[in-house]
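Single-letter residue listing:
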Protein chains: 2
Amino acid sequence: MRRLGRVAIVGVGLIGGSLAIALRRAGAVTTIVAADRDLQALERAVALGVIDEGAGSVTEAARGADLVIVALPVRAIGPALHDVGMAVESHAVITDVGSTKGEVVRIARQELRERFPRFVPGHPIAGREASGVEAATGDLFRGARVVLTPETDTETDAVDTVRACWEAAGGRVATLTAATHDRIFAAVSHLPHVLSFALVSEVAARSDAAELFSFAAGGFRDFTRIAASSPEMWRDIALQNREALLEELDRYEARLAVFRTLIERGDGPGLERLMAEARSARHAWSASVRRTVSSE
Amino acid sequence: MRRLGRVAIVGVGLIGGSLAIALRRAGAVTTIVAADRDLQALERAVALGVIDEGAGSVTEAARGADLVIVALPVRAIGPALHDVGMAVESHAVITDVGSTKGEVVRIARQELRERFPRFVPGHPIAGREASGVEAATGDLFRGARVVLTPETDTETDAVDTVRACWEAAGGRVATLTAATHDRIFAAVSHLPHVLSFALVSEVAARSDAAELFSFAAGGFRDFTRIAASSPEMWRDIALQNREALLEELDRYEARLAVFRTLIERGDGPGLERLMAEARSARHAWSASVRRTVSSE
């Protein structure tokens, strides 16, 4: 990729920090500046060598940048884009890492106005249990899928720049429409989170919750691991992707009703058939994931 | 514990094999004999030193045993108990390891008749992804909870014998009624399995399943790990514990409806409150599990 002069990162947490490390390691950038509401995080990012300098504000970071990466939770992207739009030069490319895309695009159009064609909506599918810049690692995106959802008026060279950055970080970039992205992630990510939160919420609300939890084992642990995720972040994702998520909830509830009917009727063969189909799909998926990862 | 002379294990898979290894290691038994429909598994169990001898039938294994452990999936317990009841001496203690207890007790009463007071219904909460006697390990039950659900007519010395065996294997034994056991495990185990199977089943049934799966990541992996479990086993558990499971499904669907309403209404504070309660309950549980395990 063409080397970028100045990259501004807004939000130097796990994602922003990891991308900074990966871009520098790939020799893709000369200077990395960052802004963060948490000034201590910014200091630590400099001390750790993740970024070159901390900026006093989003505006200050964005000024003179060739690429601005807004690495914030979905709800904070709008206000940050507002400031970025005020400060950024016309050649600069802007991108984000938000988990929903339709709503981010709507807000970006509103906040960036004439700069909108330089904005490339993005979503890297990567994470780890730890958060913050201390958890950042240059390998976070190695082999990870990264979705870009350019609009019809997004400029091609802007998409190419963002794609090149993610590829330099080891990501496998796919392009989808924002609507397709939101439908897919409602199904395979947002819905499972809501289902998991709902199970723990139901058990925890009971008078005998302590006894119930005391007998929970490995299956419960795996199923509910995502219910330990950030409530603020998942509240925002659920609400930003409300329409697609409600459609997925409809589908899920319909499928659960089929399972319920089979159980009520004592229909062993029917129940086994659905469970066996699910298991083989799960096995096939898990085998394909292993292949993908090991081939990189 | 008082050393047992002859222990018969019916079904020498992961659970039966692991208990055999643990009992021998604890010096709790003189001779271990086993029966298994899979004659090769029986041979391997002898070759691995997990058991002393393979028997040609359940009847043959049970004859002369001081303790008979039926380590089979729930559906196979009835026929095995029938044969055990025909062969066993009056002093012998009989137990099982089935994941449901109410239905096992009903069937045991029917099959064992006058021997029923010697039967101690049991359920060790342990497992691993691998199965079969090759996966058996003497540490499987170390720190694991084991539930016994004696009935009012179960003889006390029989309960004491089974309790001593599990404790010798490192288990932490609790006594519950069969109904309480089934209600608890419907909530923290059987329901999550059905919910996980239902999600994968729903996604797999779509025309764009391949695309959906291709973007699934860590959250999906954890949530659906239990959908890779045995369809035959979970079909039987769901049907044997049908009543309690349907009650749990009712409760869950009601809670999910609350989440749905909050999402529909865009009620951020309400959604965050439920998610935050779930997260702190999940954190507290996960911390208590770590403490339990590390204290042993």
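The coordinates are above.
The model shown is predicted, which means the values in this text are computed figures rather than measured ones.

J.: Would you mind showing me how to read the interface of chain A and chain B here?
T.: For an interface, size is often stated in terms of accessible area lost upon the parts coming together. Counting from both sides, the interface comprises 69 residues of chain A and, opposite them, 70 residues of chain B. Within the residue set of the side of chain A that touches chain B, elements represented by two or more residues are α7 (178-204), α8 (209-214), α9 (218-224), α10 (231-240), α11 (242-265) and α12 (268-294) of chain A. By residue number, the principal contributor to the side of chain A that touches chain B is α7 of chain A, which donates 18 residues. Classifying every residue of the side of chain A that touches chain B by side-chain character gives 42 nonpolar, 11 polar and 16 charged.

J.: Would you mind going over unusual backbone geometry with me for this structure?
T.: Trans peptide bonds make up most of the peptide bonds, and negative phi angles are found at most residues other than glycine. Residues and elements named next belong to chain A. Phi angles above zero are rare outside glycine, and Arg113 is one such case at about 50 degrees. Here Arg113 shows up in the loop between α5 (102-112) and β6 (119-120). Accessibility expressed as a C-beta count within 10 Å gives 10 for Arg113, which makes it exposed.

J.: I would appreciate a short explanation of the sheet that holds strand β8 (residues 145-148) of chain A in the present structure.
T.: Hydrogen bonds between backbone groups are what pair the strands of a sheet, and the pairing can be parallel or antiparallel. Residue and element names in this part refer to chain A. Reading across the sheet, the 3 strands line up as β7-β8-β9 and stay open at both edges, with mixed pairing between neighbours. Each of the sheet's edge strands pairs with one partner strand only, and the pair in question is β7 (122-124) and β9 (172-175). Averaged over all pairs of adjacent strands, the angle between their axes in this sheet comes to 20 degrees, without regard to strand direction. Here β8 runs beside β9; their pairing, made up of 4 bridges, is parallel. Paired with Val146 across the strands is Val173, a residue of β9.

J.: When you look at the packing of helix α4 (residues 74-87) of chain B against helix α5 (residues 102-112) of chain B in this model, what are you seeing that I'm missing?
T.: Think of two packed helices as two axes; the pair is described by the angle between the axes and how far apart they sit. Residues and elements named next belong to chain B. At their nearest, the axes of α4 and α5 sit 8 Å apart, and the two run at 20 degrees to each other. Between α4 and α5, the angle is such that the two are roughly parallel. For the pair α4 and α5, the sense of crossing is right-handed. Here α4 contributes Val74, Ile77, Gly78, Leu81, His82 and Gly85 to the contact with α5, which in turn contributes Val104, Ile107, Ala108, Glu111 and Leu112. Among the residues making up the contact of α4 with α5, the classes are represented as 7 nonpolar, 3 polar and 1 charged.

How each quantity is defined
- Residues numbered from 1 in each chain as written.
- Chains lettered and ligands numbered in written order.
- Predicted model: local features only at pLDDT ≥ 70, side-chain atom pairs only at ≥ 80, totals over all residues.
- Contact = placed C-beta atoms within 7 Å.
- Helix = DSSP H or I, 4+ residues; strand = E, 2+ residues; numbered from the N terminus.
- Nonpolar A, V, L, I, M, F, W, Y, C, P; charged D, E, K, R; others polar.
- Buried ≥ 20, exposed ≤ 12 C-beta atoms within 10 Å, placed from the backbone.
- Pairing = 2+ DSSP bridges.
- Axes fitted to C-alpha atoms, helices over the stretch in contact; angles between N-to-C directions.
- Parallel < 35°, antiparallel > 145°, perpendicular 65-115°, else oblique.
- Left-handed = near helix turned anticlockwise from the far one by under 90°.

As far as function goes, none of this settles anything; it's purely spatial.
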